[in-house]
Amino acid sequence: MKKALLYGALTATAFAVLFPLLFSLSLALQGETVSPHLWPDPTKLDFGVFAQVFRKEPLLGRWMLNSWVVSVAVTAGQLLVSILAAYPLALFQFRGKSVVFFLFLASFMVPWESTILPNYLTIAHWGWKDSYQALIVPFLATGFGIFLLRQAFLIVPAELREAADMEGCGRSRFLWSILVPLTKPALATLGIWAFLNTWNQYYWPLLVVDNPVWRTTQVGITAFRSNEIASYNLPMAATIVVLLPTVLVLFAGQKQLVEGLTAGAVKG
Amino acid sequence: MGRMSVVRLSRKNDAAAWVYLAPALVLFALFTFWPFLRALQLSFFLVDRNSFEPAKWFGLGYYARIFNLGETALGDDWVRSIVTTFQFTLMVVPLTLVGALALALLAATKIKGIGVYRTIFTSSLAISLASAAVIWSLIYSPDLKFFDHALTDKHSALWAVAAMTVWTNLGFAFIVLLAGIQAIPKDLWESAKIDGAGPRRTLWRITLPLLSPTLLFLLITSTIGSFQAFTQFKVLIDSVGPDQSTNVLVYALFTAFWTENNYGFAAALSVVLFALLLVLSLVQYRLDGRVHYQ
């Protein structure tokens, strides 16, 4: 009896949480109609809409490619820049360390939206509008990534460093062949976080892209929705199509992401 | 021996450290610090619309306008923008935390098939704000007659955007809280049971106190996220909203910058946004010292 109640509650909440997604799927499959119903007629489901959406908006494929290129490049770049910066911050003694520490912490405090105006002017001045570099380069350094990796590097035992040092293992070899392989979980966390965030960006791509060819999927689907205001099935199908990559990344890396992000918050 | 090697290392490391740090420092200088200082500078000037250069000293003029001091042109009410941002945050953050906590407590039980429910509760984490906003714009669409005036009524518009935002936030908050609940040692619950503590008492005396670091983490991330909200307002409303009721700070910034090319004013709004988030961070930093870390 108690168990049945629990399953009832779980199913009801699951349905509520899923409702917007089920609803979008329902609208997508109902064909072109001005007055769609809440649920489709199961005998008249129109799966052709997912192919139709690529015909109706020939750039959709290009937008997805753009999002992949930008997200992968930003993820790789953030990993590289963060690994390099976190290394001396965690393991070296050098003059000016506290200043650098403060600067990185300060970068945390400046919200991206506060710098968006001068950044836009810079990118426009460099003639970078409508290009991959405009979408990639401003996001390559992240205070979050540097601190996350610094924390991970600190956990590597001091004896290991001393042993490596005595065996004449060079500084750069120690980083790439010992430290990086040892901290794969933190690197994976940063990678997934960077990918999801970049894929989901909207404000910046909206500003620096004029030519529709350079749109990312997020800007693309919202523009597509405004153009297709008369029908519901196409915008919904387009939205579902662009959701798939992040859904896959998330289900592949969900456990990793949560463990990495909450290591500090949960364990204290 | 050990000490000698540390000394040797530290002397050699000075130059090397800066080589490793260089990419991050250059990128921060170009895309974080310089732009921020530039925004600070522009916020005190009338800015030339073509060259984007400061043209004439304007002092605290823009700030006076933002805080409704002195004359307000055209009945502008910019303080309202700040108030709306706070209202939006106060709608989104508690609902996200309470909703996600309820889901996490429900999904923490170990029964057959719980994995499916957990995956469903996490699903919104994979959905971008832009996609979620497109989906919800159709839920709110007048043609469908479910919530047809939600976005056009000045009393409900902000709530409608908040509801969409809560839904989008739920997945992340849920999975973080579930991890937090699972990290609580089992014997704590068992001994509470032996002592005859009911489920409500266990929740208030054991679960919530032990979850407080996790809740604080979510409080910080969702508050900052709400203050920076833009995408959902652009996609769902795309204006200042009915009777200006959804003109949050970042949207006002977008309008000043993008629509009106009023760069000095946009820069001043940027600085105000920075200051508000800084104050929030400091408050939360103080709170951090008070939560239980056991």
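Values in this document were obtained by computation on a predicted structure and should not be read as measured data. (Residues numbered from 1 in each chain as written. Chains lettered and ligands numbered in written order. Predicted model: local features only at pLDDT ≥ 70, side-chain atom pairs only at ≥ 80, totals over all residues.)

## A closer look at the overall build of chain A
Phase 1: If you tally the helices and strands in chain A, you get 13 helices and 0 strands.
Phase 2: Listed by position from the N terminus, the elements making up chain A come as α-α-α-α-α-α-α-α-α-α-α-α-α.
Phase 3: For 268 residues, the compact-globule estimate of 2.2 N^0.38 gives 18 Å, and chain A exceeds it by more than 25% at 23 Å.
Phase 4: Here the C-alpha coordinates of chain A stretch approximately 75 × 65 × 30 Å along the principal axes.
Phase 5: In chain A, which comprises 268 residues, the proportion classed as buried is 43%.
Phase 6: Within chain A, contacts between residues separated by at least 24 positions form 75% of all contacts whose residues are at least 6 apart in sequence. (Helix = DSSP H or I, 4+ residues; strand = E, 2+ residues; numbered from the N terminus. Rg over C-alpha atoms; globule rule 2.2 N^0.38 Å. Buried ≥ 20, exposed ≤ 12 C-beta atoms within 10 Å, placed from the backbone. Contact = placed C-beta atoms within 7 Å.)

## Let's talk about the overall build of chain B
Phase 1: For chain B, the count of helices and strands is 11 helices and 2 strands.
Phase 2: Its C-alpha atoms give chain B a radius of gyration of 24 Å, more than 25% over the compact-globule value 19 Å for 294 residues.
Phase 3: Reported as C-alpha extents along the three principal axes, the dimensions of chain B are approximately 75 × 75 × 30 Å.
Phase 4: The buried share of chain B, taken over its 294 residues, is 40%.
Phase 5: At a minimum sequence separation of 6, the contacts of chain B that also span at least 24 residues come to 70%.

## Some points on the environment of Phe121 of chain B
Phase 1: Among the secondary structure elements, Phe121 of chain B is positioned in helix H4 (residues 114-122).
Phase 2: Residue class for Phe121 of chain B comes out buried when judged on the 25 C-beta atoms lying within 10 Å of it.
Phase 3: Through-space distance from the C-alpha of Phe121 of chain B to that of Tyr251 of chain B is 30 Å; in sequence the pair is 130 residues apart.
Phase 4: The contact partners of Phe121 of chain B, leaving out residues within four places of it in the chain, are Val17 of chain A together with Leu103, Ala107, Gly171 and Phe174 of chain B.

## Thoughts on the interface of chain A and chain B
Phase 1: Each side of the interface is counted separately: chain A has 71 residues, and chain B has 73 residues.
Phase 2: For the side of chain A that touches chain B, the secondary-structure elements that each account for two or more residues are helix H1 (2-28), helix H3 (60-91), helix H4 (97-109), helix H5 (112-125), helix H8 (158-166), helix H12 (217-227) and helix H13 (233-267) of chain A.
Phase 3: Grouping the amino acids of the side of chain A that touches chain B by side-chain chemistry returns 47 nonpolar, 16 polar and 8 charged. (Nonpolar A, V, L, I, M, F, W, Y, C, P; charged D, E, K, R; others polar.)

## Observations regarding the nonpolar core
Phase 1: Of all hydrophobic cores here, the largest spans 148 residues; its most connected members are Phe174, Leu253 and Leu269 of chain B.
Phase 2: In this structure, this core is formed jointly by two domains, domain 1 (2-62) and domain 2 (73-288) of chain B, each of which donates at least three residues. (Core = buried A, V, L, I, M, F, W, Y, C linked by C-beta atoms within 7 Å. Domains from an automatic or database assignment.)

## Looking at the packing of H1 of chain A against helix H5 (residues 129-139) of chain B
Phase 1: Running from amino to carboxyl end, H1 of chain A crosses H5 of chain B at an angle of 75°, the nearest separation of the two axes being 10 Å. Relative to H5 of chain B, the element H1 of chain A lies roughly perpendicular. Contacts from Pro20, Phe23, Ser24 and Leu27 of chain A in H1 of chain A reach Ile135, Trp136, Leu138 and Ile139 of chain B in H5 of chain B.
Phase 2: Of the residues contributing to the contact of H1 of chain A with H5 of chain B, the split by class is 7 nonpolar, 1 polar and no charged. (Axes fitted to C-alpha atoms, helices over the stretch in contact; angles between N-to-C directions. Parallel < 35°, antiparallel > 145°, perpendicular 65-115°, else oblique.)

## Focus on the domain arrangement of chain B
Residue and element names in this part refer to chain B.
Phase 1: With domains assigned, chain B is organised as domain 1 (2-62) and domain 2 (73-288).
Phase 2: Distance between the C-alpha centres of domain 1 and domain 2: 32 Å.
Phase 3: Every contact between the two is made by 11 residues of domain 1 and, on the other side, 8 residues of domain 2.
Phase 4: Contributions of two or more residues to the side of domain 1 that touches domain 2 are made by helix H1 (2-42) and strand E1 (45-47).
Phase 5: Considered class by class, the residues forming the side of domain 1 that touches domain 2 number 9 nonpolar, 1 polar and 1 charged.

## Looking at the pairing of strand E2 (residues 54-57) of chain B
All names here are of chain B.
Phase 1: With 3 bridges joining them, E1 and E2 adopt antiparallel strand pairing. Paired with Leu46 across the strands is Lys56, a residue of E2.
Phase 2: With antiparallel pairing between neighbouring strands as the criterion, E1 and E2 make up a hairpin whose turn holds 6 residues, including Phe52 at a positive phi of roughly 60°. (Pairing = 2+ DSSP bridges.)

## Focus on helix H8 (residues 199-227) of chain B
Phase 1: Counted at 1.5 Å a residue, the expected span for H8 of chain B with its 29 residues is 42 Å, but the 36 Å between its end C-alpha atoms falls short.
Phase 2: Along H8 of chain B, the helix axis deviates most sharply at Ser212 of chain B, where the bend reaches about 55°; the proline Pro213 of chain B sits within four residues downstream. (Expected span 1.5 Å × (residues − 1). Bend = angle between axes of the 7 residues up to and from the residue.)

## Details of the environment of Glu53 of chain B
Residues and elements named next belong to chain B.
Phase 1: Relative to the helices and strands, Glu53 resides in the loop between E1 and E2.
Phase 2: Since 11 C-beta atoms lie within 10 Å of it, Glu53 is described here as exposed.
Phase 3: Distance from Glu53 to Tyr263, taken between C-alpha atoms, is 9.5 Å for residues 210 residues apart in sequence.

## Topic: the confidence of the model for chain A
Phase 1: For chain A, per-residue confidence averages 88 on the pLDDT scale, and residues scoring 70 or more make up 96% of the total.
Phase 2: For chain A, H13 of chain A is the element with the lowest average pLDDT, namely 76, and helix H6 (residues 132-136) of chain A is the one with the highest, namely 97. (pLDDT = per-residue confidence, 0-100.)

## What about the confidence of the model for chain B?
Phase 1: Scored by pLDDT, chain B comes out at a mean of 87, with 91% of its residues at no less than 70.
Phase 2: Scoring of the predicted complex yields 0.89 for pTM and 0.90 for ipTM.

## With respect to unusual backbone geometry
Residue and element names in this part refer to chain B.
Phase 1: We note that Asp243 has phi near 55°; this positive angle belongs to a residue other than glycine.
Phase 2: On the secondary structure map, Asp243 appears in the loop between helix H9 (231-236) and helix H10 (249-259).
Phase 3: Taking the C-beta count within 10 Å as the criterion, Asp243 has 11 such neighbours and is therefore assigned exposed.
Phase 4: A positive phi angle, near 50°, is found at Asn261, a position not held by glycine.
Phase 5: Tracing the backbone through its elements, the reader meets Asn261 in the loop between H10 and helix H11 (263-288).
Phase 6: What makes Asn261 partly exposed here is the crowd of 13 C-beta atoms within 10 Å.

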